[in-house]
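# Examination of the molecular architecture
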Amino acid sequence: SRLGCSHFCPPHLARFKVMPSIEELKKLIKNHEVKIDDAEQEVANEPNKKKKKDLENALKKLQNDEKYLKAKEEVKAAEAQAQKEAERAALNGKAADKKADAKGKKKEETKAAPKVDAKVDEATFKEIDEAFAASGKDAAEKKATAISTLEMLAAATPFVLPRLPQLIPLFDNSKLAAPALKAATAIVEQIAPQGHSVADRVMPPLLAGIEDKKWKVKAGCIQVLLPALKQMEGTTTLQLANCLPAIVSKLAEAALEVRAEIRTATGAVLKEIGAFVGSPEIKALSPDLVQALAEPTNQKHTQAVLAKMGNATFKSMIDEASLALLLPIVMRGLKDREAMSKKWSAQIFGSAALLVRDVDFLKPYLKTALPLLQAALNDSVPEVRREAAKAYGILEQVMPEYSRSHCQPFLFGKLRAGDASEQIGAALGLAEVFVRMDKAKLSQFIPEVQKGSVEENLTVRRGFLELMDTMPQAMKMDFVPYIERLFPAMLMGINGEKDLSDDPAMKAAQALVGRFGDLCPDLLMAAFEGSYAKALGSTKDWKKMQVVREKSMQLLLKTAEKILEHKKFGQDLLTCDECSNKATRLRVLILAFVARNDPDAAVKRVASNVWKTSGGSPKMQKTIAQELSQSIMKWRAGSMGAGLQKVAKDALSELVKAGDVEDPSEDVEAVSSEFCFDTAKSLNEEAAKIAAGEFSVSQADEADTKEDCQMVKKVETFWGKHASFGTLVGELKSHFLSVSESVIREGHKKKLPGPRVVEELQSAIQQICRCCKDQVEDFLKAVPENVEALCRDVLGDDFDGQHQEGYDKDTLLRVENMLLMYGAGKLLLKDTVLEMKANRRYGVVGHNGAGKTTLMKEIVAGRIVG
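These figures come from a predicted structure and were not determined experimentally.

### Quick notes on the overall build of the chain
Helix and strand counts for the chain come out as 42 helices and two strands. For the chain, the residues scored as buried account for 47% of the 866 residues in total. Total accessible area on the chain is roughly 43,700 Å²; 50% of this is exposed by carbon and sulfur atoms.

Quick look at the structure:
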């Protein structure tokens, strides 16, 4: 135990004897004091008096440890000596500093840019633009003056921000690089209002600069990213989420650069992004994630962090910064050759998609992630395919519109036209999609699956039969409503190949009977009877039809055996009342009895085996003679086609011969028609197109794009109508429009109430106008009423409709989209609102293991994340 060690370990003692440095001594002291703190805590928490006494003695030994006390004395003496030497050096250096200052003053005056008395007016910025456009001998001096002016006026955001792209090329200038970088940093740091306009006016030139061939420009742009990210943190989170994928992607490329300056700047920005992380699980891994991103050539870092994430259990929602660090590593893992890396990556992607705080954060990554998941579906390792398929299912759950427009058409396309491996992967993916799909939507796809399974094209039919094999395994009891529609296609698709991988229909039918043979045999019998009747009456490919009848009888035998697993001593199929109902068990016996008269010997043999296994005997034949004769007479009349009519006649003759029934005197007219199953009909045009593999644009994506465009247009139209807005200079107009759009869009996405959006926009406009109040006096007078009218016009019904309840002075705690999950991944709460107010009493009610104590502990520990 930690208390059992009252002295430093031998390696420490060895270093102590050879005069360790002050830093080493401080480290030893710090470690020892941690032990003392732990011991004090254990003493305070120990209720047993005897044990407490022992702990107190151990604590006293730690406090009086000789090595520890000696180390403290040496550190204290060394620090006192260092202070004396510093004072002596300061006294000796004063005279030298005075002489150096006198010489350096002249030198600095000649090198430094001339001081300027700048004002925020049109003339000042005209001079700046002319200076940047200048060329010749005096150009450098003019540019230096312009840079100095921009730095001085950095707070005048509407005017200096448009000039930021002109500073970026100067990062490579040997004389102007440092002041240009300083001015650019100052401009970005002082953007007003905070965060707004960064995404659309700062990020594009910086990201373009990172791609510049000149390393100094690249490094400078990466450095300016730091203040840009800090600007957006906490204010424009949605815009930050949209920017982070592009930023991290560029930084991952920059991490491969040869220049140490670029790699250092890249590491600093990645660490800053890591500091934004709010998810506790990702926060704990952020150093490893940053290291893996900063050193992309070292695969050990990537694999190590994937292993940690693969074994971690995510218990809280994932924010945009977490995604920005997490998903590039996941993408890299999906490209890896190692099967385990690909498996973990697909698994982590699914978890991240399920737990992401806002699915809009995920959208920028999908363009890159989807092709990698598609490749993983076709992987040779089953575990990789399975995890990729689950990721597709989760995308259907969290982004159904995106899934319908991008994922499902691809999967159906591969199901129809892919090779055998691709069809298996697509079938796994679609099965997982169906598991998570809305039941009403799923019912629209079942007819399409039914139609595909009977297609004349062998490749298409094979693909849909593979899907039928995976659906019961994935959907489990949710597949039950579709058994009667899909099981006949499985039976009729059997081709009799010895290798089940070449006979997907038989493989699917076996899996279905194995899972549902004793759970709902009543749903299987219509397919057994219908497929037997159809195979008897079909004149096409008689050999295949003989195989269908034989294999159907084998599956009927397996069904009977599944039911008999529930029998008691002395029972047979007829009396085994623990499983299914008597009518269903009678149907099994009747079909087996009739099939014993099949024209093919192999079918007869299997049918006889079903009859005997089920307890078939002359006694049972007499017992069920009435039910037998009723079914046989119906089939003899041609109700299920010509083929079964003939076999039913032979079965009736057997009953008559045994004396169980009387010979019917009337003759029955022979029918010529074949038995046919009901033809599947499309229920939904969109589902039919998707099942045909046709891609479409997501309505949600169209709606988002359309909504953003309309918002921009409404803002421009509104301000354009006001005369006072027309009097503003061009830079002010552009900045007002950009900030108005940004504030309203953020408020709308965050579902802020209309009055709150008005308040934020008014505050933003006031901040914009601080640098040029004399130029905007008329405009500011009408701001309050204009801003409310603008927000009402842009937000429409959402102005009054969007509101957040519960935020008042009595609210102690309010968490939206709360998630609570047990360590093994058991989801207890999701998308829940937790609200607690002062002077109220609350009760937590739930079953054992429902998470009551866990919830209380998480609240007390402050780990509830919404």
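After presenting the structure, the write-up continues.
### Points about the side chain of Gln-423
Mapped onto the fold, Gln-423 is located in helix α22 (residues 420-436). The buried category is assigned to Gln-423, whose relative accessible area is 1%. Filtering out sequence-adjacent residues up to four positions away, Gln-423 remains in contact with Lys-414, Leu-415, Arg-416, Gly-418, Thr-459, Arg-462 and Gly-463.

### Focus: unusual backbone geometry
Cis geometry marks the peptide bond from Ala-192 to Pro-193; its omega dihedral reads -5°. Of note in the backbone geometry, Asn-839 takes a positive phi value of approximately 60° without being a glycine. On the basis of relative accessibility, which here comes to 81%, the residue Asn-839 falls in the exposed class.

### Observations regarding the pattern of salt bridges
The final tally for this structure, using the stated rule, is 28 salt bridges. Across the pair Lys-507 and Asp-469 runs a salt bridge, and its minimum N-O distance is 3.7 Å. Taken together, the positions of Lys-507 in helix α26 (residues 504-516) and Asp-469 in helix α24 (residues 458-475) put the pair 38 residues apart, joining distant regions of the chain. Looking at Asp-469, the relative accessible area reads 7%, which means it is buried. The salt bridge partner of Glu-654 is Arg-596, with a shortest N-O separation of 2.7 Å.

### Here we look at helix α40 (residues 783-795)
Helix length check: α40, at 13 residues, gives a terminal C-alpha distance of 18 Å against a target of 18 Å (1.5 Å per residue), a fit within 8%. Taken together, the buried positions of α40 are Val-783, Asn-786, Val-787, Leu-790, Cys-791, Val-794 and Leu-795. One side of α40 carries all its buried residues, which in axial view fall inside an arc of 145°. The positive-phi residue at the C-terminal boundary of α40 is Gly-796, with phi of around 60°.

### Describing the packing of aromatic side chains
What the rule picks out here adds up to 11 aromatic pairs. When the centroid spacing of 6.4 Å and the interplanar angle of 25° are considered together, the rings of Phe-479 and Phe-516 count as stacked. Placement of the pair is Phe-479 in the loop between α24 and α25 (483-492) and Phe-516 in helix α26, with a sequence separation of 37 residues. Take Phe-516: its relative accessible area is 0%, and that puts it in the buried class. Both rings, one in Phe-718 and one in Trp-719, keep their centres 5.6 Å apart while their planes meet at 80°; by these two values the pair is edge-to-face.

### Things to note about the nonpolar core
Counting residues in hydrophobic clusters, the biggest one holds 234 residues, and the most contacted among them are Leu-167, Ile-273, Phe-434, Ile-483, Phe-487, Phe-528 and Ile-744. Among all residues touching Phe-528, those that are not within four sequence positions of it are Phe-487, Leu-491, Val-513, Ser-552, Leu-555, Leu-556, Thr-559 and Leu-591. One finds Leu-25, Ala-39, Val-43 and Leu-62 within the second-largest nonpolar core, a separate group that totals 12 residues.

### Here we look at the environment of Ile-483
Structurally, the position occupied by Ile-483 is in helix α25. Taking C-alpha positions, Ile-483 is 9.3 Å from Phe-516, a pair spaced 33 residues apart along the chain. If we ignore the near neighbours within four places in the chain, the residues touching Ile-483 are Pro-488, Leu-512, Phe-516, Cys-520, Leu-523 and Leu-524.

### Some details on the packing of helix α29 (residues 582-595) against helix α30 (residues 601-613)
Between two packed helices, both the angle of their axes relative to each other and the distance between the axes serve to describe the pair. Remark: α29 packs on α30, axes separated minimally by 8 Å, with the N-to-C direction vectors making an angle of 145°. Relative to α30, α29 is oriented so that their crossing is left-handed. Across from Leu-589, Ala-592, Phe-593 and Ala-595 in α29, the residues of α30 making contact are Val-603, Lys-604, Ala-607, Val-610 and Trp-611. A per-class count over the contact of α29 with α30 returns eight nonpolar, no polar and one charged.

### With respect to the confidence of the model for the chain
This prediction gives the chain a mean pLDDT of 84; 89% of its residues lie at or above 70. Taken as a whole, residues 1-18 scores under 50 in pLDDT and shows 29 contacts with residues more than four places along the chain or in a different chain. A low-confidence stretch, residues 105-117 stays under pLDDT 50, and its non-local contacts, those more than four residues away or across chains, total eight contacts.

### Details of the packing of helix α12 (residues 215-232) against helix α13 (residues 237-254)
Orientation of α12 relative to α13, taken along the N-to-C sense of each, is 160°, at an axis distance of 11 Å. Considered as vectors, α12 and α13 are oriented roughly antiparallel to each other. Along this stretch, α12 crosses α13, giving a crossing that reads as left-handed. The segment α12 lies against α13, with Ile-222, Leu-225, Leu-229 and Met-232 engaging Thr-237, Gln-239, Leu-240, Cys-243, Leu-244, Ile-247, Leu-251 and Ala-254. Partitioned by chemical class, the residues of the contact of α12 with α13 number 10 nonpolar, two polar and no charged.

### Structural notes on the side chain of Gln-621
Take Gln-621: it is sitting in helix α31 (residues 618-623). The exposure class of Gln-621 is buried, given its relative accessible area of 8%. Polar contacts involving the side chain of Gln-621 include one to the side chain of Asp-660, which spans 2.7 Å. Residue contacts for Gln-621: discarding those within four places in its chain leaves Phe-593, Arg-596, Trp-611, Leu-628, Leu-655, Ala-658 and Asp-660.

### Digging into the state of the cysteines
Working definition: the covalent bond between the sulfur atoms of two cysteines is a disulfide. The full count for this structure, using the stated rule, is zero disulfides. No disulfide involves Cys-579; its sulfur sits 6.1 Å from that of Cys-576, the nearest cysteine. Classification of Cys-579 by relative accessible area gives buried; the value is 3%.

Analysis parameters
Residues numbered from 1 in each chain as written. Predicted model: local features only at pLDDT ≥ 70, side-chain atom pairs only at ≥ 80, totals over all residues. Heavy atoms only, no water. Helix = DSSP H or I, 4+ residues; strand = E, 2+ residues; numbered from the N terminus. Buried < 20%, exposed > 50% of the residue type's maximum accessible area, 1.4 Å probe, protein only. Areas by Shrake-Rupley, 256 points an atom, 1.4 Å probe, with all protein chains shown as cover. Contact = heavy atoms within 4.5 Å. Salt bridge = Lys/Arg side-chain N within 4 Å of Asp/Glu carboxyl O. Expected span 1.5 Å × (residues − 1). Arc of directions from axis to C-beta. Phe/Tyr/Trp six-rings, centres within 6.5 Å; stacked < 30°, edge-to-face > 60°. Core = buried A, V, L, I, M, F, W, Y, C linked by side-chain atoms within 4.5 Å. Axes fitted to C-alpha atoms, helices over the stretch in contact; angles between N-to-C directions. Left-handed = near helix turned anticlockwise from the far one by under 90°. Nonpolar A, V, L, I, M, F, W, Y, C, P; charged D, E, K, R; others polar. pLDDT = per-residue confidence, 0-100. Parallel < 35°, antiparallel > 145°, perpendicular 65-115°, else oblique. Polar contact = N/O pair within 3.5 Å; in protein donor to acceptor, adjacent residues only side chain to side chain. Disulfide = S-S within 2.5 Å.

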